[in-house]
Every structure is written in structure tokens, then in C-alpha cells.
Amino acid sequence: MTITDLAQVKDKMKALSQAIRHHQFCYYILDNPEISDFEFDVLFNELKNLELKYPQLIATDSPTQNVGYTPSSDFKQVPHLRPMLSLDNATSMADIANYIQKILKNIDDPNLSHNLSYLTELKIDGLSLSLRYENGFLTQGLTRGNGVYGEDITMNVKTIKNIPKILNRPEKANLPNNIEVRGEVYMPISAFNKLNEELSQKGEKLFANPRNASAGSLRQKDPKLTLKRNLAFFAYFLFDNDATNEFSYNQDKQLEMLQQLGFDCEPNFKLCHNLNEIENFCNHWQSQRFKLNYQTDGLVIKLNQASLWNYLGSTSHSPRWAIAFKFPPEQKSTTLESVTFEVGRTGVITPVANLKPVVLAGSTVKRATLHNYDQIKRLDIRVGDTVVIEKAGDVIPAIVGVDLSKRLNDSTPIEYPIRCPSCQSPVVQNDSDVAYYCTNFNFCPSQKLRRLEHFVGREAMNIEGLGSTILSKLVSQNLVSSVADLYKLNQEDLASLERMGVKSAQNIMASLEKSKHNDLAHLIFALGIRHVGLNTAKILASHYNNMADLSKASQEDLESIEGIGPIMAKAIKEYFGLADNLNIINELEKLGVNLNNLKQNSLIDNTLDNKTFVLTGQLKSFTRNQAAELITAHGGVFKDSITNKIDYLIAGDKPGSKLLKAQKLGIIVLNEQEFKELLDYKD
Ligand code: IVH
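In this text the structure is predicted, and so the values were computed from the model without any measurement.

1. Describing the overall build of the protein chain
Now for step 1: In terms of helices and strands, the protein chain carries 25 helices and 22 strands.
Now for step 2: For the protein chain, whose C-alpha radius of gyration is 29 Å, the value lies close to the compact-globule estimate of 26 Å for 683 residues.
Now for step 3: C-alpha extents for the protein chain along the principal axes are approximately 85 × 65 × 60 Å.
Now for step 4: Counting only contacts in the protein chain whose residues sit at least 6 apart along the sequence, the fraction spanning at least 24 positions is 67%.
Now for step 5: Here the protein chain displays about 34600 Å² of accessible surface, and carbon together with sulfur accounts for 50% of that area.

Listed below in C-alpha cells is the structure:
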């Protein structure tokens, strides 16, 4: 048998494996087999026979080596073949005019610049996704991640109904074998409303907007859960992974080809020839966007002539051939009917406006946040006023102004409560900020409940089934007071609650058990330390090995960490300075909750074999941190300075003195392209 024959057998085996994996997925996950068991067995046996004959060609991931389907416990980090960039934002028509001017100036060839056009698409407010197809089969789905690495969410992506698992391959399209499709995953507004209705019936926390709901759904460990969320996908880019000149199709042609392959593209795009046409398109969709069954937060204006994209190039953040325009938030007027005061988990008392219901940005709004008393005074907001509301980033409505011309004569200023609306304890105002607090930190029922709600939340300990209705029952029946008490609950306690079945009680117990193994960052966030959001919690967790080290950190220690300012550092010190908090943490530890940093192993392969690298100057495709991450993930070591122990120096634009030093020491110097080739990385 010749080498080419063997290569053909290998291709055949690969195609069979892809087909088998596809049908296993349809059978085990989608519960929707596309072929009969008999037909499946035929494929399986064909592969098995080939493997018997050619054992040297058995792939380690062959379906014959793994039975059925096992969901992976974690998402693998995988490098993108070309970076997934973001877009520059235009906030006015002048910015768009400027973007067009820059393109014209860069091209500087009258023959070309006369015929430029701009494909203007709606910007879908979802999550970008990269899909890889080999021989027409969907083989990989990656999130954007940090743009250089994405998370491998292939199994979840395969549950999205309008993503083709096998491409239509029209005769004429002459498609390469390896293609990549990029686009946006979103949750249709109808699916979002349905999901929130279901969550509300279970007393669980609602998703703030379809985008958050899509993100939560896409990152489920079990694809069966993603399947239930009814996500959808719009494709907007098509790359040829076999060819070197990838951008050979104009953007309008790419959309056309994507549709031929079986993808849905957002249908309202328009080929514009000048700024005026772009402006008209923009004005039209600014008001009409709320009629669509998906959220769009702006436009993306792409130079249609894709053959010029490479020439125009990109910064490390965004391409020069496309720009985004964000729609300004929609505003509406309505009547402020009353104001209620809510007590949060840290005791802060927040005024909430109850409004005459009004439709804003596609949904009915009845309540809005008033932030704090200072804002009420500043805007002189009174009950009965006609107020202007808007959704900040189209998420939470806020009152942004008062229409004084419509003020009623008998309107009265809003008074702040002097006693806590929940426990009647005195209210104080902190000197350092504008907030009012309930002072009864340990016993105020509202504070307790809010702390518990925060602790079990999705981004915190992610304990499913413990919605606010159940938590408030647990608190009122004195079964739970602090967050540590949750881990003392038993199944009987839970099953004794009104309208709680044995099955639900079991699920909650399982979820509590699972949460004991969460990483440190989520626990830090879950504690609800003032000013410590999830990002800060992640920063803290990456600096300290465990909760004990964090609790002992000095103010100076904390402030020396990039991203931790003096206010946060002070709040963290204050939190760990309270004996009650330390007791809760001790209790959590005794109850088996993990307080340690579980280091993630993000090694992708060992191509770089412990070789040491130093970087000088600027790279076009990566920031310094990204390059360092790439090196470590491929088994290399990233160093700051040149010594004779260094193996490679990567020299970008404007290299510094390190270059000369490296050359003197005879160290191999790589340019950016050579570095990419070492990692098999494409632009
Ligand atoms: S093109 C080089 N087209 O907006 C990046 N992006 O702010 C090109 N998005 O990360 C992206 N709809 O997630 C493009 N029609 C569209 C889009 C779109 C939504 C998202 C995408 C991107 C973000 C940039």
C-alpha cells in the first residue's frame, strides 16, 4: 500500500468518525436520532473493520475507543486560528465620517476608492462564537474568550438548532475542506421572556437581559441544559482555513454564501454607498429595533471590499475596515407613583421608584432604581412627577430627569426613612459616602435574606433551587440565619417546607454539596464584601492561595495589587476585621467548603518544551500579556530579562536594548511572524 493510499484510508476513517460522533450526539444529547440504529451500526462497523486492518491509523479520540457520550467537566482553552478582535465604537455620524475618511486616505488609489461600499449590519447583542467545520462537519465551537484563546463549548454549540451540524455544499460553491464561521449567539426575546417566567415561578433569580441569559446558557456543563434554552445564531463571517488569501469574498458575498451553506444571517443588512445612506439606515433601525425578536444595540459598518481588509490591517484591538455604532438608549416619560425603600445585603437602603407601567426598549417597566438619596435631592424628584427613564445599557431602567413643566402643585418631596423598613432599627448615614444604612447588621431579616440570595447566586456559589421564596421560608422558620447554616441543612428540613417535593429537596442538597468544591474566587465574591465584585474576587483569588492568607493581608498588601484601590482594600480589611465574619468562614471550612485556590491548568500542548522566551518591542497581534499566556500554555517559560539562559527573543516593532544584548549573546531572535509559525498561529 502506498503512502497516498494510506492517506486516503486515514481520510475515510476521519470522515466516518465525524459522522459517528455526530449521530451519537443526536442520539444521546438531542434525543433526536437522524438515522436508524441499524444504519448507525453499519457506520460503526465500517470504522471498526478499517481500524482492525490498519491499527497504526487508530486515532486516540476514535469513537470506537470511547463508549457513547460523556460530557466534559470543564471547558478547555483553545487558541483561535486567528485572533477574535473587537470593534472600535463610533458614537456619532461624525465618527463614522471620520472612519470612512481614514479608509479613503489609506487606500489612496482613485480607481479603488471611487467604488467602495459599506455593508451595514445590525449589531446583535449576544456573544461572538467561532465555528470550525472540517469536511463539512461541525467539529469545534469556541467562545471569544480573551480574543486569543477561546473556551471549547462544542457540545453546547451543537444543541443550537439553527447552527448546521453538517453543511449544505452547493456544487458551485467549491468550498475548501476547512472553514471557520463567526457570528453571534443570542437568545430570542420570546425565549428570554419564557425562561424568566419559569425562573420567577420557581422563585429563582431572573436574568437581567437576553445577553446574560445567553451567556449563562452557553456555558452550561451539561449540553442538555443548553438545549432547553432555545438559543439561536446569526453568522457574519466565513473564513477559508485552507487558503492563504482568506478574505477573498466581499462581505455581501460572504453573507450570501453563508446562507447557501445553511446558516441564518440577520436579514436586515444593507449595502450603503455613502454616509447619507448609512445615516438613513441608522435612523430607521434606531426606532424600529424594538419590533425584532432579538436585541440589537447598534450597527456594524464593514467595508464591503474584503480584498482590502488585509491591506488596511488591524490594531491589536480592532480592524480598520469595520466600526460599530451604538444606539443611544431609548428614553420614555412616565409618572412616579410611589417610592419604596429596600435594604440590601450590606445594610444600604436604596430607594426604588414605582412607576406607571410603560414600554421601554421592548419590555414593560414598572420599577426603576433611584440609586440613593443624593440623586433624589439633586434631581428634586417628587412623588407624582412626570419622570424620564432610560435603560442604562438597555438593562436596568433608571430615572434620569424630571419634567418640571408637568409638576403638580401638591407634590411633596421624598423623605428618607429614619428607621429601617425591615427591622425598625435606626438608620445612619455614613460620612464617607452618600448611602444610608440599617445598623442592625446581624439581625435585620432583610439584610440576612439579601446576603443569602447573593451567596447562592449564579456568579457566586451557584446553588440551584434556592430561590428567594425558599430562602425567606428558611429564614422565617429559623432554619437558616447565616450563609454557613445553608450547609447544615438536611433533606428533611428542606422537604418539610411548604410546597417542596422530595425530588427538589434532593436536588438542592446535591447542589449545596457540589458548591463546596467551587474555586476560591466564587467564594470570595459570594461573601458579599462591600465593593468586591466577581472580577475583584478573581484578582484576589489569583494573589492569595487561600482565604486565611487573604484574611491576614494588610491594607498595603492589598493596595499593591493591580486593580485593587484604597476603597476596596479598606472594605476588605473591615470585612475580615469583624469576628462574626471570621466565625462564618471558620464554620464554612468545618462544613467542608473549599477555601483554597484551585489552580487551573491551562496547558494546551508542549510544543515549546520548556524553552525560555523574552519579548521586546510591540507585537501587532498580541499584547505582552497575551503573548506570555500563549507561551506558557504551549509549555514555554516567559521571562522579563535577557540572560545567557534565554533561548529566544521575540522582537516586535520598536525593539529596545534587549535586542542588542540578545544578539551579543547569540540568542535566537524571532520576528512576530516566526513566533506565530512556531505556534502554528494564523492571522
Ligand atoms: S463583526 C473584528 N458583525 O459586536 C470583529 N460583530 O463590538 C468583527 N457583533 O465582538 C465583528 N453583531 O460579538 C460583527 N454583525 C456583526 C455583529 C458583531 C454583533 C458583536 C461581536 C463583536 C462585538 C464588537
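So that's the structure; there's more coming.
2. Observations concerning the site of the ligand
Now for step 1: Around the ligand sit 14 residues in total, of which E121, I124, S128, E184 and K302 are the nearest.
Now for step 2: Separating an oxygen atom of the ligand from a side-chain N or O atom of K123 is a distance of 3.4 Å.
Now for step 3: Interatomic distance of 3.3 Å between a side-chain N/O atom of Y236 and a nitrogen atom of the ligand.
Now for step 4: Starting from 520 Å² of accessible surface for the ligand in isolation, the protein chains cover 89%.
Now for step 5: Those elements giving two or more residues to the shell around the ligand turn out to be β3 (118-124), β8 (232-240) and β10 (296-303).
Now for step 6: With four residues, β3 is the single largest residue contributor to the shell around the ligand.
Now for step 7: Split by residue class, the shell around the ligand holds eight nonpolar, two polar and four charged.

3. Here's the deal with the environment of P223
Now for step 1: For P223, the position within the fold is in helix α8 (residues 223-228).
Now for step 2: In this structure P223 comes out as buried when scored by relative accessible area, which is 1%.

4. Quick look at the nonpolar core
Now for step 1: The biggest cluster of nonpolar side chains holds 53 residues, and the ones touching the most others in it are F455, L486, I524, L540 and M547.
Now for step 2: Among the elements that take part in this core, helix α17 (residues 520-526) stands out by supplying six residues, more than any other.
Now for step 3: For M547, the residues in contact, after removing those within four places along its chain, are L520, L523, I524, L527, F576, I585 and L595.
Now for step 4: Counting 35 residues, the second largest nonpolar core, distinct from the first, contains I96, I100, Y118 and F239.

5. Side note on the pairing of strand β7 (residues 178-186)
Now for step 1: A large share of β7 lies buried, amounting to eight of its nine residues.
Now for step 2: As judged from the eight bridges shared by strand β4 (residues 127-134) and β7, these two strands associate in the antiparallel manner. Paired with L131 across the bridge in β7 is V181.

6. Considering the packing of helix α3 (residues 93-107) against helix α10 (residues 275-288)
Now for step 1: Following both chains from N to C, one finds α3 and α10 inclined at 145 degrees, their axes separated by 11 Å at the closest point. Seen along the crossing, α3 lies across α10 with a hand that is right-handed. Contacts from M93, I96, A97 and I100 in α3 reach L275, I278, E279 and C282 in α10.
Now for step 2: Among the residues making up the contact of α3 with α10, the classes are represented as seven nonpolar, no polar and one charged.

7. Quick notes on the packing of aromatic side chains
Now for step 1: According to the stated counting rule, one finds 20 aromatic pairs in the structure shown.
Now for step 2: Aromatic side chains F613 and Y648 sit 5.0 Å apart centroid to centroid with 20 degrees between the ring planes, which places their arrangement in the stacked category. One end of the pair, F613, is in strand β19 (residues 612-616); the other, Y648, is in strand β21 (residues 648-651), and 35 residues separate them in sequence.
Now for step 3: Among the aromatic residues, those joined into a ring-pair cluster are Y236, F237, F239, W309 and W321.

8. Overview of the sheet that holds β21
Now for step 1: Read from one edge of the open sheet, four strands run β20-β19-β21-β22, paired in parallel fashion. Single-partner strands in this sheet number two, and they are β20 (637-639) and β22 (668-670). Averaged over neighbouring strand pairs, the angle between their axes works out to 30 degrees when direction is ignored.
Now for step 2: The strands that helix α25 (residues 672-679) touches are β19, β21 and β22; relative to β22, the one it contacts most, it runs at about 95 degrees.

9. So, the state of the cysteines
Now for step 1: Here the structure, examined in full by the defined rule, presents zero disulfides.
Now for step 2: Left without a disulfide partner, C265 is nearest to the cysteine sulfur of C272, which lies 17 Å away.

10. A word on the pairing of β4
Now for step 1: The buried fraction of β4 is high, at seven of eight residues.
Now for step 2: As defined by bridge partners, β4 adjoins strand β5 (residues 137-143) across six bridges and the pair is classed as antiparallel. Directly across from E134, in β5, lies its bridge partner F137.
Now for step 3: Counting the residues between successive antiparallel strands, the hairpin from β4 to β5 contains two residues, one of them, N135, with a positive phi of roughly 50 degrees.

11. Here we look at the pattern of salt bridges
Now for step 1: Evaluation of the coordinates by the stated rule reveals 20 salt bridges.
Now for step 2: Between K14 and E134 there is a salt bridge, with the nearest N and O atoms lying 2.9 Å from each other. With K14 in helix α1 (residues 3-28) and E134 in strand β4, this pair connects stretches of sequence that are 120 residues apart.
Now for step 3: Bridged by salt links that share partners, the residues D380, R382, D385 and R407 form one connected network.

12. Overview of the sheet that holds β4
Now for step 1: The strand order β5-β4-β7-β8 describes an open sheet built from four strands, whose pairing is antiparallel. The two strands at the open ends of the sheet, each matched to only one other strand, are β5 and β8. Ignoring strand direction, the axes of neighbouring strands in this sheet form an average angle of 25 degrees.
Now for step 2: Packed on one face of the sheet, helix α7 (residues 210-218) meets β4 and β7 and runs near 40 degrees to β4.
Now for step 3: Relative to the sheet, helix α9 (residues 251-261) contacts β7 and β8, its axis offset from that of β8 by approximately 115 degrees.

13. Digging into helix α14 (residues 468-476)
Now for step 1: Within α14 the residues assigned to the buried category are I470, L471, L474 and V475. Buried residues along α14 cover an arc of 140 degrees about the axis, so they all sit on one side.
Now for step 2: Contact partners of the buried residues in α14: α13 (445-456), α15 (491-495) and α16 (502-515).
Now for step 3: One or two residues past the end of α14 sits N478, with phi positive at roughly 55 degrees.

What counts, and at which threshold
- Residues numbered from 1 in each chain as written.
- Predicted model: local features only at pLDDT ≥ 70, side-chain atom pairs only at ≥ 80, totals over all residues.
- Heavy atoms only, no water.
- Helix = DSSP H or I, 4+ residues; strand = E, 2+ residues; numbered from the N terminus.
- Rg over C-alpha atoms; globule rule 2.2 N^0.38 Å.
- Contact = heavy atoms within 4.5 Å.
- Areas by Shrake-Rupley, 256 points an atom, 1.4 Å probe, with all protein chains shown as cover.
- Near = heavy atom within 4 Å.
- Polar contact = N/O pair within 3.5 Å; in protein donor to acceptor, adjacent residues only side chain to side chain.
- Nonpolar A, V, L, I, M, F, W, Y, C, P; charged D, E, K, R; others polar.
- Buried < 20%, exposed > 50% of the residue type's maximum accessible area, 1.4 Å probe, protein only.
- Core = buried A, V, L, I, M, F, W, Y, C linked by side-chain atoms within 4.5 Å.
- Pairing = 2+ DSSP bridges.
- Axes fitted to C-alpha atoms, helices over the stretch in contact; angles between N-to-C directions.
- Left-handed = near helix turned anticlockwise from the far one by under 90°.
- Phe/Tyr/Trp six-rings, centres within 6.5 Å; stacked < 30°, edge-to-face > 60°.
- Disulfide = S-S within 2.5 Å.
- Salt bridge = Lys/Arg side-chain N within 4 Å of Asp/Glu carboxyl O.
- Arc of directions from axis to C-beta.

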